[in-house]
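Observations on the model geometry
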2 protein chains.
Amino acid sequence: MSARDTLLDAYGAILLENGQRATTLSAVAARAGVSKGGLLYHFTSKDALTEGLIDRLDELMAEDITAMRAAPDGPSRYYVRTSVWTDCALDRTLVAVAQLAQESHTGAQEVMDRARRQWLELIRKEVSEEATAHAILLIGDGLYFDAALSGNPGSSREDAITAAELLPVVDRLLAGAQD
Amino acid sequence: MSARDTLLDAYGAILLENGQRATTLSAVAARAGVSKGGLLYHFTSKDALTEGLIDRLDELMAEDITAMRAAPDGPSRYYVRTSVWTDCALDRTLVAVAQLAQESHTGAQEVMDRARRQWLELIRKEVSEEATAHAILLIGDGLYFDAALSGNPGSSREDAITAAELLPVVDRLLAGAQD
DNA sequence: GTCTATACGGGGATAGAC
DNA sequence: GTCTATCCCCGTATAGAC
């Protein structure tokens, strides 16, 4: 794995677990196993580091949209299924960048906006009724919100909802919107 | 309005609009129209300031739970209705404290957890089916997530969903869970 | 490609005047 | 009750050795 990727992993992990304030250059460097100077060789500034993470999210989102479009059980079910926390690269990067977006980082806000628009577009193809499509999108948002709040989403709470429990509800929403 | 309340308003507003990193003592003091020293007379440290905001959320939540319990259209509809951004004190404080929770602030995480548990408990009284109750809770979470992401939720986007559009979907969920 | 040393600014907090 | 002045620490970034 490239040094750049290792550093982005460390940055994302700290962002996810302890929030923006904890993402000092020394903390990121230490977690990646290099010194501050070493970090600044690969990313010339902290801004460059955040741009790197945003670019990574853009790539992961492109993959996700492709998979969602091809999902055998349909985009809505795919979307809700994959919004439940699975600790995958997209989950982690998305919640990390969401933190940046909340700190008014324009680039982060734009990529989050783009992500939600792309998801909604695919859900709409399956669910003609506008409000239902939005409700499904909101359920996914809610799942990410929970993950973001918990700080350490890996240690899922005992009362966390599972995809298996949630999908029948999505099915009912889909069926109800068909009339 | 007391000086304390004015300062908490300023702190919450900056947290909401620009994120934790922007909430320096000088910025909060300036927004409240006092000096740094003036602020530190009312709140002896930055921690005291955040505790103040968390206490405020606790009070607002108690009011909200009372109103939700007495809502004529039922707790679920009340919950979704009021989760749509209305720029009220609870909305603003909740999203502000959510930011603190994401920065691993224990007190903030606890009050957010408490809030979600209380909401879920009341929704459960109306919706016996567990997954549906969770789905309704998640729709509210999603609405708060959107508000948090936008940075300045006051300036609602044109594509934002309204309560009027969302409530029929909630009704269908309630009806579907009755069988 | 990675390190140490250092410069510089900003944020939190105290002391004390008014 | 609110202000200014000041201190110290820490975070970002640069310079230059290895």
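Residues numbered from 1 in each chain as written. Chains lettered and ligands numbered in written order. Predicted model: local features only at pLDDT ≥ 70, side-chain atom pairs only at ≥ 80, totals over all residues. Heavy atoms only, no water.

Side note on the protein's contact with DNA strand C
Defined as follows: Nearness here has a simple test: a residue counts as near a molecule or strand if at least one of its heavy atoms is within 4 Å of that partner. Here a polar contact is taken to be a pair of N or O atoms separated by no more than 3.5 Å, where protein atoms must pair a possible hydrogen donor with a possible acceptor and residues adjacent in sequence count only if both atoms sit in side chains. Under the DSSP-based scheme used, a helix requires at least four consecutive residues in state H or I and a strand at least two consecutive residues in state E, with every element numbered from the N terminus.
Around DNA strand C, 13 residues are found, and the nearest of them are Ser35, Tyr41 and His42 of chain A together with Leu25 and Lys46 of chain B. Here, DNA strand C places atoms within 4 Å of the protein, and 60% of those atoms are sugar or phosphate. A distance of 2.7 Å separates a phosphate oxygen of DNA strand C from a polar atom in the backbone of leucine 25 of chain B. Contacts to DNA strand C include lysine 46 of chain B, whose backbone N or O atom sits 2.9 Å from a phosphate oxygen. The set of elements that each furnish at least two residues to the surface near DNA strand C consists of α3 (36–42) of chain A together with α3 (36–42) of chain B.

Observations regarding the packing of aromatic side chains
Counted only if it meets this: Working definition: a ring pair exists when centres of Phe, Tyr or Trp rings (six-membered ring for Trp) sit within 6.5 Å. Plane angles under 30 degrees give stacked, over 60 give edge-to-face, the rest tilted. Relative accessible area decides the class of each residue, using a 1.4 Å probe on protein chains only: under 20% of the type maximum gives buried, over 50% gives exposed, and in between gives partly exposed.
One pass over the structure, following the stated rule, counts five aromatic pairs over all chains. Judged by centre distance (5.2 Å) and plane angle (55°), the ring pair of tyrosine 79 of chain A and tryptophan 119 of chain A falls under tilted. Taken together, the residues span a long stretch of sequence, with tyrosine 79 of chain A in helix α5 (residues 75–83) and tryptophan 119 of chain A in helix α7 (residues 106–126) at a distance of 40 residues. Accessibility assignment for this pair places tyrosine 79 of chain A and tryptophan 119 of chain A in one class, buried. An angle of 55° between the planes, with centres 6.1 Å apart, marks the rings of phenylalanine 145 of chain A and phenylalanine 145 of chain B as tilted. Placement of phenylalanine 145 of chain A in helix α8 (residues 130–150) and of phenylalanine 145 of chain B in helix α8 (residues 130–150) is noted, with the two residues assigned to different chains.

Observations regarding α8 of chain A
Residues and elements named next belong to chain A. To keep it simple, the criterion reads: In a helix, the anticipated span is given by 1.5 Å times the number of residues less one.
Taking 1.5 Å of rise per residue, 21 residues should cover 30 Å, and α8 covers 31 Å from first to last C-alpha, within 8% of that figure. Of all 21 residues in α8, 19 are buried; the element is thus mostly enclosed. Of the residues trailing α8, glycine 151 is marked for its positive phi of about 80°.

Some thoughts on the interface of chain A and chain B
Short version of the rule: What makes two residues a contact is simply this: any of their non-hydrogen atoms within 4.5 Å. A 1.4 Å probe defines the accessible area here, and the buried area is the portion of it lost by two parts on being joined, summed over both. Every case where a carboxyl oxygen of Asp or Glu lies within 4 Å of a side-chain nitrogen of Lys or Arg is listed as a salt bridge.
Taken together, the contact pairs 43 residues of chain A with 43 residues of chain B. The contact between chain A and chain B buries some 3900 Å² in all, and 54% of this surface belongs to carbon and sulfur atoms. The largest share of the area that chain A buries against chain B comes from Arg21, Gln102 and Phe145 of chain A, three residues that together contribute 20% of it. Joining chain A to chain B, the criterion identifies four salt bridges. Put simply, arginine 116 of chain B and aspartate 146 of chain A hold a salt bridge, and the shortest N to O gap is 2.9 Å. Viewed at the interface, chain B and chain A are joined by eleven residue pairs in polar contact (both at pLDDT 80 or more).

Topic: the protein's contact with DNA strand D
Near DNA strand D, the surroundings consist of 14 residues, among which Leu25, Lys36 and Lys46 of chain A together with Ser35 and His42 of chain B are the closest. A distance of 2.9 Å separates a phosphate oxygen of DNA strand D from a polar atom in the backbone of lysine 46 of chain A. Between DNA strand D and serine 35 of chain B, the relevant distance is 2.6 Å, taken from a phosphate oxygen to a main-chain nitrogen or oxygen of the residue. Those elements giving two or more residues to the surface near DNA strand D turn out to be α3 of chain A together with α3 of chain B.

Distances and angles like these do not, on their own, reveal function.
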